[in-house]
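Chain residues, written in single-letter form:
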Amino acid sequence: MIRINLENALLKEDVSVLKEEVLDANKTLLSKTGEGNDFLGWQELPRDYDKEEFARIKEAAKKIRSNSDVLIAIGIGGSYLGAKAVIDALSNSYEKPEVEVLFAGHHLSSTDTQELLDYLDGKDFSINVISKSGTTTEPAVAFRIFKDKLEEKYGVEGAKERIFATTDKERGALKTLSTNMGYETFVVPDNVGGRFSVLTAVGLLPIAVAGFDIDELMAGARDGMDTYPETPFEDNAAFQYVAARNLMYRNGKKMEILVNYEPKLKNVSEWWKQLYGESEGKDGKGLFPVSVGFTTDLHSLGQMIQDGEKIFFETVLRVNEPKKDIELKSDDLDLDGLNYLVGKTMDYVNQTALKATVEAHVSGQVPNIILDMEKIDERNLGRLIYFYEYAVALSGYIIGVNPFNQPGVEEYKKNMFRLLEKPGY
């Protein structure tokens, strides 16, 4: 389970001052009576997911792994961030995988898109297009481009066997196209919003294609589901995280910085930023979510965090067991002066840097929350995903917003369509 340490949180009041508010928010969530209650499918998903579709996801992944060098996963926002976070966390950063999962449709860069098209030359590839409507501009543009390349390489009939659509169960442009063309389809559930969808086919198919164990991922989320709703406040990391961050918000903090000391967690932070920013940032409210990777960013942003304006606090995601470790050896010349570390491990130095940085930032009046995860594997990532999802739902209710809508996201689209002279705009 995720564990929480509030020793360095510099809270003016004990988190228990918000206990009743957290418990009330939890009752609202469990009773499904709060705003956005038609988007609570994520809550019981680790238990109630579609087992037949889950089996088809595994079969589709097996098929893709048997005939493709690359899977292009096309989607934006929640349609790609969760899958990328899990895949990058579990992958060997310097070893080319048996099947690469590459992402498109999350930007409108012609240069990046053309470079990916060029990279596919001479490679066998498949497409997983992920969009509930099929009309979101970025993925729709990318799908048109990559579908053309797929059909050019394999023909229209051959391409049908290599296109997998994750979309609405019954309606929408992508669903209609998939039905007409005979693409295999998977469902974006009506009651699961995009940023909560990583444990649906949206995230599970790319993760399975990458070769990772989606059974263990779901089991980890089930651990969270069985823990956070009923565990008493005093022993509940999710409840205490919600209380601590909301106390800081009420005491004038405007930003939450998510800190990690493992580069593999960089895209977990990117997923977290969407989850928290889109869930809380409305009605003029919400902590602004940002992230840093230490110790790297200590050499660029450390000065600002240490001595800048005190508008933020840090939440440190600490991994207790590295997947691999390196023991430091003696050097006869010792010109770098590191022989005092002989016999210690690189992870020991990293963990010491973490402790030292927490001490420094706390002394600079930057509060720190520490969240501990056991290690980076499928089960623990499933637990972490559910932890953050559950906590943000409670936090949204506490600050008085609907945590499951995103009305502000539509504004830029209207302006873009007008400037592009789309009919009707």
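Everything quoted here is computed from the prediction, not taken from an experiment.

## Observations concerning the pattern of salt bridges
No. 1: Per the counting criterion, the structure on display carries 26 salt bridges.
No. 2: A salt bridge links Asp-168 to Lys-132; the nearest nitrogen and oxygen atoms lie 2.8 Å apart. Pair noted here: Asp-168 is in the loop between strand 5 (163-167) and helix 7 (173-181) and Lys-132 is in the loop between strand 4 (125-130) and helix 6 (137-160), with a separation of 36 residues, a long-range link.
No. 3: For Lys-132, a relative accessible area of 32% gives the class partly exposed.
No. 4: The salt bridge partner of Asp-223 is Arg-383, with a shortest N-O separation of 2.9 Å. Placement of the pair is Asp-223 in helix 9 (residues 214-227) and Arg-383 in helix 14 (residues 378-399), with a sequence separation of 160 residues.
No. 5: On the basis of relative accessible area, Arg-383 is assigned to the buried category, the value being 14%.
No. 6: Linked through salt bridges whose partners overlap, the residues forming this network are Lys-132, Asp-168, Glu-170, Arg-171 and Asp-190.

## Some words on the sheet that holds strand 5
Across a sheet, strands are paired by hydrogen bonds formed along the backbone, either parallel or antiparallel in direction.
No. 1: The parallel open sheet is built from five strands, whose spatial order is 3-2-4-5-6. Edge strands, defined here as strands with exactly one partner in the open sheet, are strand 3 (100-104) and strand 6 (184-187). Across the sheet, the axes of successive neighbouring strands diverge by a mean angle of 20°, strand direction being ignored.
No. 2: In terms of strand pairing, strand 2 (residues 70-74) meets strand 4 through five bridges, oriented parallel. Directly across from Ala-73, in strand 4, lies its bridge partner Asn-128.

## Overview of the side chain of Ser-269
No. 1: You can see Ser-269 is positioned in helix 11 (residues 266-280).
No. 2: Given the relative accessible area of 3%, Ser-269 is considered buried.

## Observations concerning a nonpolar patch on the surface
No. 1: A surface patch of nonpolar side chains, amounting to about 230 Å² of accessible area, comprises Leu-108, Val-141 and Ile-145.
No. 2: Mapped onto the fold, Ile-145 is located in helix 6.

## Considering the packing of helix 4 (residues 81-90) against helix 11
No. 1: Between helix 4 and helix 11, whose axes approach to 8 Å, the crossing angle comes to 155°. Taken together, helix 4 and helix 11 sit at an angle that is classed as roughly antiparallel. The chirality of how helix 4 crosses helix 11 is left-handed. Seen from helix 4, the contacting residues are Leu-81, Gly-82, Lys-84, Ala-85 and Asp-88; seen from helix 11, they are Asn-267, Val-268, Glu-270, Trp-271 and Gln-274.
No. 2: Among the residues forming the contact of helix 4 with helix 11, the class breakdown is four nonpolar, three polar and three charged.

## Comments concerning the nonpolar core
No. 1: Counting 91 residues, the largest nonpolar core has Trp-42 and Tyr-388 as its most contacted members.
No. 2: For this core, the element with the highest residue contribution is helix 14, accounting for 14 residues.
No. 3: In this structure, Val-70, Ile-72, Val-129 and Tyr-183 belong to the second largest nonpolar core, which totals 19 residues.

## Some points on unusual backbone geometry
No. 1: The residue after Phe-294, namely Thr-295, is reached through a cis peptide bond having omega 10°.
No. 2: Looking at the element boundaries, Thr-295 is found in the loop between strand 8 (288-293) and helix 12 (302-307).
No. 3: Although it is not a glycine, Lys-32 adopts a positive phi angle of roughly 60°.
No. 4: Here Lys-32 lies in the loop between helix 1 (19-31) and helix 2 (45-48).
No. 5: Residue Lys-32 is classed as partly exposed on the basis of its relative accessible area, which comes to 33%.
No. 6: Positioned with a positive phi, Glu-421 is a non-glycine residue whose angle comes to about 60°.
No. 7: Mapped onto the elements of the fold, Glu-421 is located in the segment after helix 15 (409-419).

## Examining helix 1
Helical periodicity: at 3.6 residues per turn, an α-helix aligns residues three or four positions apart in one direction.
No. 1: Given a rise of 1.5 Å per residue, 13 residues ought to cover 18 Å, and the 18 Å separating the end C-alpha atoms of helix 1 matches this to within 8%.
No. 2: Those residues of helix 1 that fall on the buried side of the exposure criterion are Val-22, Ala-25, Asn-26 and Leu-29. All buried residues of helix 1 lie within an arc of 105° about the axis, which places them on one face of the element. The exposed residues of helix 1 that point more than 90 degrees off its buried face are Glu-20 and Lys-27.
No. 3: Buried residues in helix 1 make contact with helix 10 (237-250) and helix 14.
No. 4: Two residues or fewer after helix 1 comes Lys-32, characterised by a positive phi angle close to 60°.

Rules of the game
Residues numbered from 1 in each chain as written. Predicted model: local features only at pLDDT ≥ 70, side-chain atom pairs only at ≥ 80, totals over all residues. Heavy atoms only, no water. Salt bridge = Lys/Arg side-chain N within 4 Å of Asp/Glu carboxyl O. Helix = DSSP H or I, 4+ residues; strand = E, 2+ residues; numbered from the N terminus. Buried < 20%, exposed > 50% of the residue type's maximum accessible area, 1.4 Å probe, protein only. Pairing = 2+ DSSP bridges. Axes fitted to C-alpha atoms, helices over the stretch in contact; angles between N-to-C directions. Patch = residues over 30% accessible without salt bridge, like charges linked within 9 Å, V, L, I, M, F, W, Y side chains within 5 Å. Areas by Shrake-Rupley, 256 points an atom, 1.4 Å probe, with all protein chains shown as cover. Parallel < 35°, antiparallel > 145°, perpendicular 65-115°, else oblique. Left-handed = near helix turned anticlockwise from the far one by under 90°. Contact = heavy atoms within 4.5 Å. Nonpolar A, V, L, I, M, F, W, Y, C, P; charged D, E, K, R; others polar. Core = buried A, V, L, I, M, F, W, Y, C linked by side-chain atoms within 4.5 Å. Expected span 1.5 Å × (residues − 1). Arc of directions from axis to C-beta.

Read these as geometric descriptors, not functional statements.
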